[in-house]
Amino acid sequence: MNYIANILTASRFLFAVGMVLAAPFSPVFWVCYLGGGVSDLLDGPVARALHIQSDVGATLDSTADLVFAAAISVVVLRNVQLPAWLWVCAGCIAAVRLAGYGVGFIKYRTFSALHTYANKATGALIFAFPILYAALGLTASGVILCVAALFSFVEEFAITVSSPMLNRNCKGFYQKADFLATQKER
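Below is a summary of the structure that appears in this document. Note that the coordinates shown come from a computational prediction; the quantities given were computed from them, not determined experimentally. (Residues numbered from 1 in each chain as written. Predicted model: local features only at pLDDT ≥ 70, side-chain atom pairs only at ≥ 80, totals over all residues. Heavy atoms only, no water.)

### Describing the packing of helix α1 (residues 4-21) against helix α2 (residues 27-49)
- Axis separation between α1 and α2 bottoms out at 8 Å; the angle between their running directions is 160°. For the element pair α1 / α2, the angle class is roughly antiparallel. As for the relative orientation of α1 and α2, their crossing is left-handed in sense. The segment α1 lies against α2, with Ile4, Ala5, Leu8, Thr9, Ser11, Arg12, Phe15, Gly18 and Met19 engaging Phe29, Val31, Cys32, Tyr33, Gly35, Gly36, Ser39, Asp40, Leu42, Asp43, Val46 and Ala47.
- The residue inventory of the contact of α1 with α2, partitioned by class, reads 12 nonpolar, 6 polar and 3 charged. (Axes fitted to C-alpha atoms, helices over the stretch in contact; angles between N-to-C directions. Helix = DSSP H or I, 4+ residues; strand = E, 2+ residues; numbered from the N terminus. Parallel < 35°, antiparallel > 145°, perpendicular 65-115°, else oblique. Left-handed = near helix turned anticlockwise from the far one by under 90°. Contact = heavy atoms within 4.5 Å. Nonpolar A, V, L, I, M, F, W, Y, C, P; charged D, E, K, R; others polar.)

Structural data, given as structure tokens:
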């Protein structure tokens with residue numbers, strides 16, 4: 001029972017590989033896509049309900065989210081004709097996000113992705129991209145995703161740079177002050 005949340009999280013790696021290897025937008029792709037989304041929705045609540053939250057689980061979750069988002073990106077990039085502006089935007093956001101993780105690694109000596117609400121919203125939008133694309137078209141869904149990803153990066157980077165200690169469960173910059181006050185009391 002102690003590992004069920006981590007098993008749910010780890011399944012996202014398998015679903016990511018399955019999406020990349022499956023025929024684009026085939027039934028197997030959609031099963032892997034939905035399975036990865038469900039595992040992301042369930043792993044945190046299961047860990048909290050069973051009181052088995054851990055730093056290892058938080059790091060595994062962030063890494064699985066990154067790999068799953070990368071798999072969705074690979075499938076979209078291989079199969080959807082993207083305009084140049086979207087390539088540039090996605091490339092710049094990916095570069096600054098990786099640089100931000102580098103700063104966090106240098107500062108904290110570990111992978112420092114945070115579970116902010118903005119990061120969760122961006123992850124949900126990445127997950128929903130195929131649906132957004134079908135409903136709104138490429139331009140609107142691309143702009144929505146780029147703006148959300150940029151905002152979530154800026155917030156996470158500001159928290160990482162200004163926080164003396166890593167708090168992966170910081171929900172946003174507004175919560176950072178509460179966390180720091182609690183740490184000073186200890």
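There is more to say after this.
### So, the packing of aromatic side chains
- Scanning the model with the defined rule gives 10 aromatic pairs in all.
- When the centroid spacing of 5.0 Å and the interplanar angle of 90° are considered together, the rings of Trp30 and Tyr33 count as edge-to-face. Residue Trp30 and its partner Tyr33 are located together in helix α2, separated by 3 residues, close to a single helical turn.
- In textbook terms, an aromatic cluster arises when at least three aromatic residues are bridged by ring pairs, as seen for Phe25, Phe29, Trp30, Tyr33, Phe68 and Phe127. (Phe/Tyr/Trp six-rings, centres within 6.5 Å; stacked < 30°, edge-to-face > 60°.)

### Comments concerning the side chain of Thr122
- Mapped onto the elements, Thr122 comes out in helix α5 (residues 117-136).
- A distance of 2.9 Å separates a polar side-chain atom of Thr122 from the backbone oxygen of Ala118.
- In terms of polar contacts, Thr122 uses its side chain to reach the backbone carbonyl oxygen of Ala148, at 3.1 Å.
- In contact with Thr122, other than residues within four places in its own chain, are Leu145, Ala148, Ala149 and Ser152. (Polar contact = N/O pair within 3.5 Å; in protein donor to acceptor, adjacent residues only side chain to side chain.)

### Considering the pattern of salt bridges
- Scanning the entire structure with this criterion turns up 5 salt bridges.
- Note that Arg12 and Asp65 form a salt bridge whose closest N and O atoms lie 3.0 Å from each other. Within this pair, whereas Arg12 is found in helix α1, its partner Asp65 is found in helix α3 (residues 55-79), the two being separated by 53 residues in sequence.
- Connected through salt bridges with shared partners, the residues Arg12, Asp40, Asp43, Asp61 and Asp65 form a single ionic network. (Salt bridge = Lys/Arg side-chain N within 4 Å of Asp/Glu carboxyl O.)

### So, unusual backbone geometry
- Within the chain, Phe25 stands out as a residue other than glycine whose phi angle is a positive 60°.
- Here Phe25 lies in the loop between α1 and α2.
- Positive phi outside glycine occurs at Arg109, with the angle close to 60°.
- Turning to its location among the elements, Arg109 is positioned in the loop between α4 (84-108) and α5.

### Let's talk about the environment of Thr59
- Inspection of the secondary structure assignment puts Thr59 in helix α3.
- For the pair Thr59 and Leu114, spaced 55 residues apart in the sequence, the C-alpha separation amounts to 9.1 Å.
- Those residues within four positions of Thr59 in sequence are excluded, and the remaining contacts are Phe111 and Arg168.

### A closer look at the nonpolar core
- In this structure, Met19, Phe29, Ile72, Val76, Leu82 and Leu138 are the most contacted members of the largest nonpolar core, which totals 20 residues.
- Taken together, the elements giving at least two residues each to this core come down to α1, α2, α3, α4 and α6 (138-162).
- Tallying contributions element by element places α3 first for this core, with 5 residues.
- Excluding its chain neighbours within four sequence positions, the residues that come into contact with Ile72 are Met19, Tyr33, Ile126 and Phe127. (Core = buried A, V, L, I, M, F, W, Y, C linked by side-chain atoms within 4.5 Å. Buried < 20%, exposed > 50% of the residue type's maximum accessible area, 1.4 Å probe, protein only.)

Treat this as a map of the structure, not an account of what it does.
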